[in-house]
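# Overview (structure and organization)
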Amino acid sequence: VTENLLNQVRLLLGDVLGLGARAGALTAQTALLGSLPELDSMAVATILAALEERFGIVLDDSQISADVFQTLGSLTTFVQGQLADMSAAAE
Amino acid sequence: MAVADGFEHHWVGDPAGLISSWRAATTCPTFLLISPFAEEQGRCRRLQYDISAALAKEGLNGCWLDLPGTGDSPLDETGITADKWLAAVNASVNWCETAGRHLALVGGLRLGAAVAIGWAQQQFTPPTIAAVEAVAGPSALRNLLRTRLASNGKTIEDLLKSIQNGETIDAAGYPLNKSVTDTLEQFNLPEMPLLGITKIRSTLSDLPPWFQVEPKAATALALDLARQLAELHQGANQC
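This section reports on the structure supplied with the text. (Residues numbered from 1 in each chain as written. Chains lettered and ligands numbered in written order. Predicted model: local features only at pLDDT ≥ 70, side-chain atom pairs only at ≥ 80, totals over all residues. Heavy atoms only, no water.)

### Section: the overall build of chain B
Rules: Each helix is a run of DSSP H or I of at least 4 residues and each strand a run of E of at least 2, with the numbering of both proceeding from the N terminus. The globule rule used for comparison is 2.2 Å times the number of residues to the exponent 0.38, while the radius of gyration itself is calculated over C-alpha atoms. The classification of residues rests on relative accessible area computed with a 1.4 Å probe and restricted to protein chains. Under 20% of the type maximum is buried, over 50% is exposed, and intermediate values are partly exposed. In what follows, residue pairs with any heavy atoms lying within 4.5 Å of each other are defined as contacts. Per-residue and other accessible areas were derived by the Shrake-Rupley procedure at a 1.4 Å probe size, with only the shown protein chains allowed to occlude residues.
Within chain B, the secondary structure is distributed over 8 helices and 9 strands. By the compact-globule yardstick of 18 Å for 239 residues, chain B fits well, its C-alpha radius of gyration being 17 Å. Each principal axis of the C-alpha atoms in chain B carries an extent, and together these give about 55 × 35 × 35 Å. Taken across its 239 residues, chain B has 56% of its residues classed as buried. A fraction of 69% describes how many contacts in chain B between residues 6 or more apart in sequence connect residues 24 or more apart. Accessible surface computed for chain B: about 10300 Å², of which carbon and sulfur atoms make up 50%.

### Observations regarding the state of the cysteines
Residues and elements named next belong to chain B. Applied cut-off: We call a pair of cysteine sulfur atoms a disulfide when they lie within 2.5 Å.
Applying the stated rule across the entire model yields 0 disulfides over all chains. You can see Cys-63 has no disulfide; the closest cysteine sulfur is in Cys-96, sitting 5.8 Å from it. What makes Cys-63 buried here is its relative accessible area of 0%.

### Concerning helix H8 (residues 219-230) of chain B
All names here are of chain B. Let me state the cut-off plainly: Expected span of a helix, by definition, is 1.5 Å for each gap between consecutive residues, and there is one gap fewer than residues.
Look at H8: 16 Å from first C-alpha to last across 12 residues, which is about the 16 Å you get at 1.5 Å a residue. Those residues of H8 that fall on the buried side of the exposure criterion are Leu-221, Ala-222, Asp-224, Leu-225, Ala-226, Gln-228, Leu-229 and Ala-230. Buried residues along H8 sit in contact with strand E3 (30-34), helix H1 (39-57), strand E5 (103-109), strand E6 (128-132) and strand E9 (197-200).

### As for the interface of chain B and chain A
Operational definition: When two parts are put together, the accessible area they lose, computed with a 1.4 Å probe and summed over both, is reported as buried area. In what follows, salt bridge is the name for a side-chain nitrogen of Lys or Arg lying within 4 Å of a carboxyl oxygen of Asp or Glu. By the criterion applied in these results, polar contacts are pairs of N or O atoms within 3.5 Å in which, for protein atoms, one can donate a hydrogen and the other can accept it, and in which residues neighboring in sequence qualify only through two side-chain atoms. Each residue is assigned to one of three groups, with Ala, Val, Leu, Ile, Met, Phe, Trp, Tyr, Cys and Pro labelled nonpolar, Asp, Glu, Lys and Arg labelled charged, and all others, Gly among them, labelled polar.
On the side of chain A, 21 residues touch chain B, which itself brings 20 residues to the contact. Both faces combined, the contact of chain B with chain A buries some 1800 Å², and carbon together with sulfur accounts for 59% of it. The interface formed by chain B and chain A contains 5 salt bridges. Between Arg142(B) and Asp61(A) there is a salt bridge whose closest N-O contact spans 3.0 Å. Applying the counting criterion to the chain B and chain A interface returns 8 residue pairs in polar contact (both at pLDDT 80 or more). Mapped by element, the contributors of at least two residues to the side of chain B that touches chain A are H1, helix H4 (137-145) and helix H5 (149-152) of chain B. The element that contributes the greatest number of residues to the side of chain B that touches chain A is H4(B), accounting for 3 residues. Taken together, the residues of the side of chain B that touches chain A break down into 10 nonpolar, 4 polar and 6 charged.

### Digging into the packing of aromatic side chains
All names here are of chain B. Stated precisely, the cut-off is as follows: Planes of paired rings set the category: under 30 degrees apart is stacked, over 60 is edge-to-face and the rest tilted, where pairs are Phe, Tyr or Trp rings (Trp by its six-membered ring) whose centres lie within 6.5 Å.
The full count for this structure, using the stated rule, is 7 aromatic pairs over all chains. Ring geometry for Phe-7 and Tyr-49: centres 5.3 Å apart, planes at 85°, overall edge-to-face. Residue Phe-7 is located in strand E1 (residues 7-12), and its partner Tyr-49 is located in helix H1; the two are separated by 42 residues in the primary sequence. Residue classification places Phe-7 among the buried positions, given a relative accessible area of 17%.

### Topic: the pattern of salt bridges
Overall, the coordinates contain 15 salt bridges over all chains when judged by the stated rule. Between Lys178(B) and Asp182(B) there is a salt bridge whose closest N-O contact spans 2.8 Å. Of this pair, Lys178(B) and Asp182(B) are both found in helix H7 (residues 178-186), 4 residues apart, which corresponds to roughly one turn of the helix. Take Asp182(B): its relative accessible area is 27%, and that puts it in the partly exposed class. What emerges from the salt-bridge pattern is a single network uniting Glu52(A), Asp61(A), Arg142(B) and Arg146(B).

### What about the pairing of E3(B)?
Residue and element names in this part refer to chain B. Test applied: Note on pairing: DSSP must find at least two bridges between two strands before they are called paired. Seen with the strands pointing away from the viewer, any crossover whose path from the first strand over the helix to the second strand runs clockwise is right-handed.
Burial analysis of E3 places 5 of its 5 residues in the buried class, the great majority of the element. Going residue by residue along E3, you find Thr-30, Leu-32 and Ile-34 tucked away on one face and Phe-31 and Leu-33 tucked away on the opposite face as well. Pairing geometry for E3 and strand E4 (residues 61-66), over 5 bridges, is parallel. Opposite Leu-33, over in E4, you have Trp-64 as the bridge partner. Each parallel crossover has a hand, and for E3 linked through H1 to E4 it is right-handed.

This is how it looks when you write it as structure tokens:
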């Protein structure tokens, strides 16, 4: 994934969860689900809605699973795939 | 006029909705605004208060309606229907007239905006309608159902099918049953602009409070939305 996209997802995650300065320490390998106490089921749904709003995409719910939220990297990869799908559909 | 007095509350209609009216602006032109739904409602409380405070400084009374079965308005979720929500908006509009308030605008925030549009479509001569950061009912429903996606492997369609078959699904503490989902499905946003309905969105880049698990104060957003709302009101703001 690109560093720019990773950073955008990191910032959004920090804003949604209210991580403050801790957001800056998140790397692509940082575990999310089960490791971040702020990340409960409602937070997961909120992140998905915020991603849609921020990137102007409609996420494919059939591709959402716990694996997507395993790490910051896996979440960013998911967003990148959704963005690619959207631009392919637009062509 | 003092603007730091906060809200006064009125129960209106049957089933009752709760109206929160800015105490120091009761004689000002009234903007009746419908609150958001479910988790977003709690996250937006501070924003709603700040919007009303900002409107009061413009000589306008920002009144918030909690629809029956949401927020502080009582109604078992099994009793929620679109008709009851629309009736609550009607009752609130009528209350404005009987209470001597000058109703200048009806609107809503997030799902409340979709309900305001649904109400306007039933009126022969609706007042000015403002849809603030609107979200359609089906989208709000999908967001709630997503709280179940990461945990049990079911799809949104599976969950909706279970609900249609009479099951109540807990979505992060909010019980979703057939009555609630049928109601949400009815409040769509029109794709084409409709006469008399203004969509309001902020261009600020900060994440809005309805997307924050622990929302921070959003004073700039409140001021921006209140300014855009106030611009819809024409006429002297004497009160």
